[in-house]
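What follows is each chain in one-letter form.
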Amino acid sequence: MADVFAKLVHGASLVFAAAAIAAAPPPELTVSQWADQNRMISADSGSKFPGRWSTDRTPYLREPMDCMGVNHPASRVVLRAGAQVGKTQAMNNALGHMIDTAPRSALLLAPSLDKCTAWNREQWEPMLEVTEALKLKVLASRSRSEEGSSTRFKKFRGGFLKLVSASTAKELQSSTIGFLILEEPTDYPLDTDGRGDPIDQARHRLDAWGEDGKEIGASTPGDKGACRISDMYEAGDQRLCYLPCKDCGDYSPLQFEHFRCDPPVAGEELQPYFVRPCCGSVMRQGDLARALSGCVWLATFESADAANPAPGLVVAAGDIDRWRRRSREGRYPSFHLWQAYSPFASWRMIWAAWQEGQTQPDKLRTFYQQVLGEPFEPVMDRPKADRIVDLARHPSTAKLVQLKRGVIPPWAWMLTGAADVQTDRIEWAAWGWGPVEREAFAAGQGESAPGVPGINGALIDWGVIAIPPDDPKAWTELALVSNRTWPGVVSMPLTFDQFGVDTGGHYTSQAYQFAARISGIRALKGSSDREAAPITLGKKVRAGVGKLSGKVQLWFTGGHNLKRRIYFGLGQAFGSVDMGADPGMMAAGLRGSGRREPGALFLPPEIDEGLARQLTAEHLKEQIVGGKRVLMWDKPQHQANEQLDMAVYAMALGVHAGIDRLRWEDWDRLADVRRRVDTAAAEAPLEALWAGNGLLPASPPAAPADSAAPLPSPAAPALRKLNPAPSGKAVPAWIRKIRSQHK
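A brief report on the enclosed structure follows.

Reading the values: rules and limits
- Going along each chain's sequence as written, the residues are numbered from 1 onward.
- Owing to the predicted nature of the model, reporting of local features is limited to residues with pLDDT of at least 70; listing and counting of side-chain atom pairs is limited to 80 or more, with chain, interface and lining totals taken over all residues.
- Only hydrogens and water are set aside; all other atoms, that is, all heavy atoms of the structure, feed into the side-chain values.
- Cavity: a set of points on a 1 Å grid over the protein atoms alone where a 1.4 Å probe fits but cannot get out. Pocket: an open set with protein on both sides within 12 Å along at least five of seven lines, its lining residues, like those of a cavity, having an atom within 4 Å of a point.
- Grid points are joined across faces, edges and corners, and a volume is the space filled by probe spheres set on the points.
- The numbering of helices and of strands both runs from the N terminus, where a helix is a DSSP run of H or I of at least 4 residues and a strand a run of E of at least 2.
- Gly is put with the polar residues, along with every residue not named as nonpolar or charged; the nonpolar set is Ala, Val, Leu, Ile, Met, Phe, Trp, Tyr, Cys and Pro, and the charged set is Asp, Glu, Lys and Arg.
- We define a salt bridge as a side-chain nitrogen of Lys or Arg found within 4 Å of a carboxyl oxygen belonging to Asp or Glu.
- Categorising residues by exposure relies on relative accessible area from a 1.4 Å probe, with only protein chains included: less than 20% of the type maximum marks a residue as buried, more than 50% marks it as exposed, and the intermediate range marks it as partly exposed.
- At least two DSSP bridges between two strands are required for those strands to pair.
- Residue contacts are counted whenever heavy atoms from the two residues lie within 4.5 Å of one another.
- Angles shown run from 0 to 180 degrees and are taken between the N-to-C directions of axes, each axis being a line fitted to C-alpha atoms and, for helices, limited to the stretch in contact.
- Aromatic pairs are defined between Phe, Tyr and Trp rings, using the six-membered ring for Trp, whenever the two ring centres lie within 6.5 Å; interplanar angles under 30 degrees are classed as stacked, those over 60 as edge-to-face, and all others as tilted.
- Handedness rule for crossovers: strands pointing away from the viewer, path from the first strand over the helix to the second running clockwise, crossover right-handed.

Next up on the list: empty space enclosed by the protein. Counted by the stated rule, this structure contains five cavities of 30 Å³ or more. The volume enclosed by the largest cavity comes to roughly 80 Å³. Residue lining of the largest cavity: Ile388, Leu391, Ala392, Thr397, Leu570, Ala573, Phe574, Leu601, Phe602 and Leu603, and that is the complete set. Those elements that place two or more of their residues in the lining of the largest cavity are helix 14 (385–393), helix 18 (559–576) and strand 25 (601–602). When its volume is computed, the second largest cavity comes out at roughly 60 Å³. Lining of the second largest cavity is provided by Thr359, Gln360, Ser448, Pro453, Gly454, Ile455, Arg565, Pro598, Gly599, Ile659 and Asp660. Partitioning the lining of the second largest cavity into residue classes produces four nonpolar, five polar and two charged.

Opposite charge on two side chains permits pairing when their charged atoms draw close. Overall, the coordinates contain 33 salt bridges when judged by the stated rule. Across the pair Arg425 and Glu427 runs a salt bridge, and its minimum N-O distance is 2.9 Å. According to the relative accessible area criterion, Arg425 is partly exposed, its value standing at 21%.

Turning our attention to the pairing of strand 4 (residues 106–110). Where burial is concerned, most of strand 4 is hidden: five out of the five residues are buried. Taking every second residue as pointing to the same face, both faces of strand 4 are buried, with Ala106, Leu108 and Ala110 on one and Leu107 and Leu109 on the other. Relative to strand 7 (residues 179–183), strand 4 runs parallel, the two being bridged by four bridges. Bridging from a neighbouring strand, Leu108 pairs with Ile181 of strand 7.

The next subject is the environment of Pro409. As for its position among the elements, Pro409 is in the loop between helix 15 (395–401) and strand 16 (414–421). As a C-alpha pair, Pro409 and Ser491 span 82 residues in sequence and 8.4 Å in three-dimensional space. In contact with Pro409, not counting residues within four places along its chain, are Val401, Gln402, Leu403, Ala458, Ile460 and Val489.

Another point: the packing of helix 12 (residues 347–357) against helix 13 (residues 361–372). Contact geometry of helix 12 with helix 13 gives a least axis separation of 7 Å together with a crossing angle of 145 degrees. Every residue of helix 13 that contacts helix 12 at Ile350, Ala353, Trp354, Glu356 and Gly357 is listed here: Pro361, Lys363, Leu364, Phe367 and Val371.

What follows covers the packing of aromatic side chains. Counted under the stated rule, the structure contains 23 aromatic pairs. The interplanar angle of 65 degrees and the centroid separation of 6.3 Å between the aromatic rings of Trp411 and Phe602 together place this pair among those described as edge-to-face. Within this pair, whereas Trp411 is found in the loop between helix 15 and strand 16, its partner Phe602 is found in strand 25, the two being separated by 191 residues in sequence. As far as burial versus exposure is concerned, Trp411 and Phe602 are alike and both buried. Centre to centre, the rings of Tyr567 and Trp633 are 5.2 Å apart; their planes meet at 80 degrees, and the pair counts as edge-to-face.

In terms of strand pairing, strand 21 (residues 498–502) meets strand 22 (residues 521–526) through four bridges, oriented parallel. When the sheet's bridge partners are listed, Val501 is paired in strand 22 with Ala523. For the segment spanning strand 21, helix 17 (residues 508–517) and strand 22, crossover handedness is right-handed. Of the pairings in the sheet, the one linking strand 22 to strand 24 (residues 550–557) comprises four bridges and is parallel in character. Counted as the bridge partner of Ala523 is Leu554 from strand 24.

Read across the open sheet, the three strands follow the order 11-12-13; overall the sheet is antiparallel. Strands with a single pairing partner mark the edges of an open sheet, and in this sheet they are strand 11 (259–260) and strand 13 (282–283). As paired elements, strand 12 (residues 273–275) and strand 13 share two bridges and run antiparallel to each other. Paired with Phe274 across the two strands is Met283, which belongs to strand 13.

Have a look at this one:
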């Protein structure tokens, strides 16, 4: 029996061995290692890949995540990135790693209270629900108990997480934290409640932790010069992700300048690709996964020390380790990512978004910020008025555009117009719209979306009703203008497809009554929202008084981005006209493409500098709005801007009528029903229209811009005329909208 007991392990050794195991610290894990072992992605999160997290799916996030860990020596880490590349999940993993391995008090700073609530609902709750390592440590939410968690205050063993809005300073006071998360800092105000920068206020909550405090931040960028995340990125070591070339093995980052797409072959989809700068080889999206498996982050900041240069665009495979050891000179890690690196993004969609941005500058802004992950720098220098006039009067412009005042050019098939009400007069303008010339572009080019052509616009006519708007005669004259028709080079005489009147300035009540009295007139008002769509449905407002009162529908126009689009269009006009060897009054050597570029806006030769100055009266100026530094349109004092306002309204109505949605075949159908029957006369030179053929006046209209247009004086019509529209069983929605505009 003694022999049996002699073979047994002594009880004390078992106790001490178990105690040693229990007392041993857990193995130190990086954030990426912790996420691979513990993090789960909820199916309710909207992720394409629910289930266990795998850093190998997005290997470019490994280094940024590891730097975000509380066990990494960097006290601050910044990630500037495009949308949907994984930046939010990287910060979520760093937060989960902290709670599970080295808990401490934490604060998440969001742009607003709504963003705090959204983060809790869309990020925190789905992560907590399926990640067991966190579920066991975070106290459950209890609506009526201070012992549990709440929507904006999470308790866990060893610390807490507080969700705070950057728009209020009260919650930024008194908390001591060791972990700070900056969620979308680009949208923070510059000053909160008069206490200064909310980021600086939040950083002071880390003071008690000294150098052991940790700050991480990630965001998509904003506009250049007013972008917090870009300022933070540039203050860091500016790391870029270098990928190995499958052919030569050298490393280089993916840059949009090397992105290409050949014209599509009939029946095949677009196949965008990168030309690698190392050896000129082609990299397609199918090669991305292999390249990402060998990705390397290199610090690219420019040093004042000549002995510490930045790496070049191409780094030889044998030198990559040397560049990874480059001195950071005390800078914190900062990373830049854009969508081409993401396995979740389609390169075809990236290319399509770029093409759309070439015709619509507001979409180009979205492309830079959301796709490229770079701050947008609007090139909105005002075209000089004298240069605009010179371009409009140049013979090459006349040859390309075939535009004269009072006549619809041969490529325009839709008209919109607007009136601007002043204290002593009403001004009006008519604009024509049509697609670019299909034959001038290769297949798939010149389009804002597949099958949707880019648009050109032209100022057709303008005038002044020199009667004070408090006189009913002024509104009768405007009603007649709204019902006028204009002859076309190849089209039948057309009237406005849509016409609107500004109600946001002088004589608002009279403008409401005018829109209510005549069917088909839009009551327009500029939106104060910088990000507003071109035109949106507003509320119904009361027009008139007493028994004669009624309600009229109000429409809001997004002037901020439409003005960008107008200036872009004027610039595209310069890029369209080929001056040849004889630039005339223009700068020598200016050569355009010789085709109507997408988005270009053209003006007739009859304009003068006064009209051109009105059209370019405003410029973008940096201002502080709501505590945030933003670019706003500014008009010099005493400078008239009626033509710019009317162009904004006319373009908004054009968008509402469908100019940005019509496909090639839609424009063809519209042209078929609006083309003039006498084709022989239509194909004659433009000057023949004034040759006394009986179709048009013997000479073009010559009313100056600042004089009242000669209008007849019968009573105002109750209904406006309608232009012909295609008919058939399958009538598109845009045609039905035009037909119903008087209802």
